[in-house]
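Observations on the model geometry
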Number of protein chains: 2
Amino acid sequence: MREFIYFSANGRTSGNFSDLMQAGRLDIAIHVIIASFFLSNKLRDDVRLHLILNGSPDPPKHLEFISNEEMPISKKDVSGLIKRMLYKYRKGQKVEVFPGCHVEKKSFGDLINELKTEGKKIYLLDKKGKDIRDTQLKDNAVFILGDHEGLPKKEMKVAEKISEKISVGPTTYFASQVVVLIQNELDRKGI
Amino acid sequence: MREFIYFSANGRTSGNFSDLMQAGRLDIAIHVIIASFFLSNKLRDDVRLHLILNGSPDPPKHLEFISNEEMPISKKDVSGLIKRMLYKYRKGQKVEVFPGCHVEKKSFGDLINELKTEGKKIYLLDKKGKDIRDTQLKDNAVFILGDHEGLPKKEMKVAEKISEKISVGPTTYFASQVVVLIQNELDRKGI
């Protein structure tokens, strides 16, 4: 599985929103989902995406999406999917809202430490990191992306401890553009 | 200037539309515009993008966007910009609707032949083309992208005559994802 984590510092943590930009820039999260799962004529079948939403009213929320044939994902209504997942959240549980789509309360730090414990190799996207093209990627790679403001100090500190910095190029791209560039590199490396 | 041509076989050629997908998949054109001009925290200042819309009611239309500081482009309302450009079209003229934003009647074939005559090097995106990473790109490069169905036969014939086929990777990406990959390659090559 190709694995991505997108951290949204202000992403709204309940389903009662209408404007995506005003919901803590969930529009960016939507574009990350599209870049993670969609190709021109099909859905990718090998992706696991974690969104950590850390905005009001009830942070943190961990939304997990795993490729599968029954995943009800349509480019037209990704925001509806997020809404429904947030509405179905239940305290103390990891709820499978749709096949492959889970919601639970979990912090960014807890998530990445868990993945590390599972033996994953954690990469943190950073303009000053090692060039992804020169990196020996394996299929246990997990890529952490921050939002338009980058990771906040607290999350950066946790991430820096257990990850290696990696770069997709000499400029700062949108999170969704970064996902496209990583996917392409994995496509090329046949991972 | 980095130069892109996006051909939309069914893109609507008048401003009276509301649903972008139903307007001949102008949603794809919007994403191409965003991938062409937007970086995380700024607009690119070196891009020239041509959209050829070939749908009803009055094809073909050539919409041209050239980076400049006064370009009224906002990610929130790219569709409004296209609408206004189509409404301002005047027969027999190339109208500058906003700084750097022009509309006129011009076919795909006429456009690429003109660019060729100007000394541009024309590349046609194709999965079977030469790898862009192994290609000596110069700053006179123009990249042709088809829509989700690829170039129609007529346009393909004209394009094949004067272009070289180039590839960004082993799978078929969205047009906007292809733009992201080309931009990254040009960023890396310092062009």
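Each value, and the rule that gives it
- Residues numbered from 1 in each chain as written.
- Chains lettered and ligands numbered in written order.
- Predicted model: local features only at pLDDT ≥ 70, side-chain atom pairs only at ≥ 80, totals over all residues.
- Helix = DSSP H or I, 4+ residues; strand = E, 2+ residues; numbered from the N terminus.
- Rg over C-alpha atoms; globule rule 2.2 N^0.38 Å.
- Buried ≥ 20, exposed ≤ 12 C-beta atoms within 10 Å, placed from the backbone.
- Contact = placed C-beta atoms within 7 Å.
- pLDDT = per-residue confidence, 0-100.
- Core = buried A, V, L, I, M, F, W, Y, C linked by C-beta atoms within 7 Å.
- Pairing = 2+ DSSP bridges.
- Axes fitted to C-alpha atoms, helices over the stretch in contact; angles between N-to-C directions.
- Parallel < 35°, antiparallel > 145°, perpendicular 65-115°, else oblique.
- Left-handed = near helix turned anticlockwise from the far one by under 90°.
- Nonpolar A, V, L, I, M, F, W, Y, C, P; charged D, E, K, R; others polar.
- Least-squares fit on C-alpha atoms with pLDDT ≥ 70 in both.

Attention now moves to the overall build of chain A. Secondary structure summary: chain A contains 5 helices and 8 strands in total. For 191 residues, the compact-globule formula gives about 16 Å, and the C-alpha radius of gyration of chain A, at 15 Å, lands near that figure. Considering only C-alpha atoms, chain A reaches an extent of 45 × 40 × 30 Å along its principal axes. Counting every position in chain A, which comprises 191 residues, the buried fraction comes to 43%. Look at the contacts in chain A between residues 6 or more apart in sequence, and 65% of them connect residues 24 or more apart.

With that out of the way, let us pick up the confidence of the model for chain A. For chain A, per-residue confidence averages 95 on the pLDDT scale, and residues scoring 70 or more make up 100% of the total. Taken over the whole predicted complex, pTM reads 0.95, whereas the ipTM for its chain interfaces reads 0.94.

Nonpolar side chains in soluble globular proteins tend to be buried together. Among the nonpolar cores identified, the biggest contains 111 residues, and Ile-5, Ile-144 and Val-178 of chain A together with Ile-5 and Ile-144 of chain B are the most heavily contacted of them. The contact partners of Val-178 of chain A, leaving out residues within four places of it in the chain, are Leu-125, Leu-145, Val-168 and Tyr-173 of chain A.

With that out of the way, let us pick up the sheet that holds strand E7 (residues 141–145) of chain A. Residue and element names in this part refer to chain A. Strand order in the open sheet made by the 8 strands is E4-E5-E3-E2-E1-E7-E6-E8, with mixed pairing throughout. Taken across any chain shown, the strands that pair with only one partner, and hence form the sheet edges, are strand E4 (95–98) and strand E8 (164–167). Adjacent strand axes in the sheet meet at a mean angle of 30°, parallel and antiparallel pairs treated alike. Across 3 bridges, E4 lies against strand E5 (residues 101–104) in antiparallel orientation. Directly across from Val-95, in E5, lies its bridge partner Val-103.

Turning our eyes to something else, we now look at the sheet that holds strand E8 (residues 164–167) of chain B. In a beta sheet, neighbouring strands pair by backbone hydrogen bonds and run either parallel or antiparallel. Residue and element names in this part refer to chain B. Taking strand neighbours across the sheet as the criterion, the 8 strands line up as E4-E5-E3-E2-E1-E7-E6-E8 in an open arrangement whose pairing is mixed. The open sheet has two free edges, formed respectively by strand E4 (95–98) and E8, since each of these has just one partner strand. Each strand axis lies, on average, 30° off the axis of its neighbour in the sheet, ignoring direction.

This part covers the packing of helix H1 (residues 26–37) of chain B against helix H5 (residues 175–189) of chain B. Residue and element names in this part refer to chain B. Here H1 crosses H5 at 15°, and the two axes come no closer than 8 Å. With respect to H5, the axis of H1 lies roughly parallel. As H1 packs across H5, the resulting crossing turns out to be right-handed. Counting all contacts with H1, which are made through Ile-28, His-31, Val-32, Ile-34, Ala-35 and Ser-36, the residues of H5 involved are Ala-175, Ser-176, Val-179 and Val-180.

Below, the discussion takes up the environment of Ser-176 of chain B. All names here are of chain B. Mapping Ser-176 onto the fold places it in helix H5. Put simply, Ser-176 and Ala-29 are 147 residues apart on the chain and 8.1 Å apart in space, counted from C-alpha to C-alpha. Residues within four places of Ser-176 in sequence aside, it is in contact with His-31, Val-32, Ile-34 and Ala-35.

Further remarks concern the interface of chain B and chain A. Taken together, the 18 residues of chain B in the interface contact 18 residues of chain A. In the side of chain B that touches chain A, the residues fall into 8 nonpolar, 8 polar and 2 charged.

A few words now on the environment of Ile-73 of chain B. All names here are of chain B. Within the secondary structure, Ile-73 sits in the loop between strand E3 (61–66) and helix H2 (78–87). Owing to 21 C-beta atoms within 10 Å, Ile-73 belongs among the buried residues under this scheme. Sequence separation of Ile-73 and Leu-43 is 30 residues, and the distance between their C-alpha atoms is 9.1 Å. Ile-73 has contacts with Phe-37, Val-78 and Leu-81, leaving out every residue within four places of it along the chain.

With an RMSD of 0.0 Å, the fit of chain B onto chain A corresponds to turning through 180° and sliding 0.0 Å along the axis. The two molecules are tied by a two-fold rotation axis, judged by turn and shift. By C-alpha distance to the rotation axis, the residue of chain B lying nearest is Leu-181 of chain B, at 3.2 Å. Comparing contact sets, 100% of the residues at the interface of chain B also lie at the interface in chain A, consistent with an isologous, same-surface contact.

All right, on to the pairing of strand E5 (residues 101–104) of chain B then. Burial along E5 of chain B is one-sided: Cys-101 and Val-103 of chain B are buried, while His-102 and Glu-104 of chain B, pointing the other way, are not. What sits between E4 of chain B and E5 of chain B in their antiparallel hairpin is a turn of 2 residues, with Gly-100 of chain B showing a positive phi close to 80°.

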